[in-house]
Amino acid sequence: MFYPLWMVEGVERGYRYRFYPTAEQAVLLTRTFGCVRLVYNLGLQARRDAWQQRQETLGYGATSSLLTGWKQAPDFAFLNEVSCVPLQQTLRHLDAAYQNFFAGQARYPRFKSRKHSSRSAEFTGSGFTYRDGELRLAKLMDTPLDVVWSRPLPDGVVPSTVTVSQDRAGRWFVSLRVKRPVPAASGSTAAVGIDAGLNRLLTLSDGEPVDNPRQERRERAALARAQRILARKEKDSCNREKARLRVARVHARVADRRRDMWHQVTTRLVRDNQVLVIEDLAVTNMLRNHTLARAISDASWGTFRTLLEYKAAEYGRTLIAVPRWYPSTRLCSVCGVRAEKMSLSVREWICTGCGTEHDRDVNAARNILAAGLAVTACGADRGPQRGNTSRAGSRR
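From a predicted model like this one, the values you see are computed outputs, not experimental measurements. Chains are numbered independently. Their residues run from 1 in the order of the written sequence. Local features in this predicted model are restricted to residues of pLDDT 70 or higher, and side-chain atom pairs are both shown and tallied only at a pLDDT of 80 or more, whereas totals for entire chains, interfaces and linings draw on every residue. For side-chain calculations, the full set of non-hydrogen atoms in the structure is used, while hydrogens and water are omitted.

S.K.: Break down the pairing of strand S12 (residues 275–279) for me, with residues and values.
M.R.: For every residue, the accessible area obtained with a 1.4 Å probe (protein chains only) is divided by the maximum for its type, and the residue is called buried under 20%, exposed over 50%, and partly exposed between those limits. Secondary structure follows DSSP: runs of H or I at least 4 residues long count as helices, runs of E at least 2 residues long count as strands, and numbering of each begins at the N terminus. Buried residues dominate S12, accounting for five of its five residues. Burial along S12 is two-sided: Val 275, Val 277 and Glu 279 and Leu 276 and Ile 278, pointing in opposite directions, are all buried. A pair of strands is labelled paired if DSSP reports no fewer than 2 bridges between them. Of the pairings in the sheet, the one linking strand S9 (residues 191–196) to S12 comprises three bridges and is parallel in character. Residue pairing for S12: Val 192 is matched across the bridge by Leu 276.

S.K.: Summarise the UniProt feature "domain: Cas12f1-like TNB" (unreviewed entry) in the protein chain; cite the residues concerned and give the values.
M.R.: UniProt positions are given in the numbering used here, feature names are shortened, and annotations may be inferred rather than shown by experiment. With numbering matched to this structure, UniProt assigns "domain: Cas12f1-like TNB" (unreviewed entry) to residues 301–368. Secondary structure across residues 301–368 divides into 35% helix and 16% strand, with the first and last C-alpha atoms of the span separated by 16 Å.

S.K.: Break down unusual backbone geometry for me, citing the residues and quoting the values.
M.R.: In this model, Arg 214 sits at a positive phi of 50°, which is unusual for a non-glycine residue. Unlike most non-glycine residues, Asp 236 shows phi in positive territory, near 65°. Inspection of the secondary structure puts Asp 236 in the loop between helix H5 (220–231) and helix H6 (238–272).

S.K.: How would you explain H5 if you had to name every residue and give the values?
M.R.: To estimate the expected span of a helix, subtract one from its residue number and multiply by 1.5 Å. If you check H5, its first and last C-alpha atoms are 16 Å apart, about what 12 residues at 1.5 Å a residue would give, namely 16 Å. Considered for burial, the residues of H5 that qualify are Leu 223, Ala 226 and Leu 230. The buried residues of H5 occupy one face: seen down the axis, they fall within an arc of 70°. Away from the buried face of H5 by more than 90 degrees, exposed residues Ala 221 and Ala 231 are located. The arc in question is the one traced by the directions running from the helix axis out to the C-beta atoms.

Structure follows, in structure tokens:
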């Protein structure tokens with residue numbers, strides 16, 4: 001069966017900007033990140049101990065009360081130096097992690113590591129002010145953040161939350177969550193089938209290809225050089241940290257280019273088509289193919305699907321996922337005859353039933369579109385099923 005991806009229409013979106021903190025702001029925000037991580041770990045330990053020792057379940061309210069005691073303890077007096085808002089928010093995030101675990105949507109919460117955990121802090125309305133294009137955070141109200149407003153916020157909106165973060169490359173970002181109007185979509189009635197690949201990143205059912213820029217390959221030499229330098233540095237030294245930043249900057253450059261490319265492609269597809277049909281690829285399982293794992297990771301099909309899903313919901317488009325077992329590659333889009341199993345090296349083939357010569361990717365995209373249109377004609381309204389995908393992608 002084929003399952004359309006119906007999503008609840010939402011108008012809350014995050015606007016992410018880069019900013020350059022002063023020395024004072026950087027010190028306090030770095031300290032805030034550490035306190036957020038500590039409070040999360042303390043809350044997790046308290047909830048685990050309560051269950052293991054007393055068979056008692058603690059919720060957000062109980063851990064919030066414990067936070068007051070932690071701040072009064074001499075060993076944790078430094079928690080009073082930062083805003084209490086992100087400390088309360090991290091306990092809410094911990095409670096959400098437990099809820100997701102009990103719902104079967106995530107694994108059991110784990111302790112946050114200083115080296116490997118994300119560095120971020122979330123401020124709600126009481127922890128920041130936004131006025132006349134100036135953003136100020138609690139404990140730092142004297143000086144606004146030096147934000148690069150690369151795109152304007154929607155007129156008249158007030159952010160509900162502000163998240164400050166620092167990535168592995170040392171760059172500072174601020175994300176503002178706002179409620180914005182639903183963008184006006186064109187009255188297009190077009191439908192498109194989309195086949196994902198490696199030689200061509202995407203192939204549309206009308207024959208249009210989207211070239212694969214291979215972002216990681218472009219930076220492979222620079223990345224190898226930076227990693228060699230890193231490997232020669234003494235552990236825990238300042239020079240090693242500088243070398244680590246150089247490696248992280250190469251990775252960040254690749255990720256930024258890839259994300260920008262996918263945003264452009266998905267926005268164009270959603271604006272120009274009312275119905276979009278894709279394959280329900282199991283990317284995680286496909287990465288087990290060690291020959292193609294690097295190329296599949298560089299293609300980042302998961303990012304493509306994530307962006308396409310939320311943009312289709314915003315624009316009121318219909319997004320349909322064809323099951324991964326559908327033989328779109330080997331099925332003739334003209335007569336429907338199913339060809340024998342073919343290897344990845346076969347890029348063109350001739351149908352034994354009607355004699356039509358097919359381009360492998362274009363034929364697959366047309367079959368994907370036909371399968372998706374059959375779903376809309378039948379009026380299916382079920383969400384995508386995520387079952388066992390251990391053999392996903394083997395036919396390709």
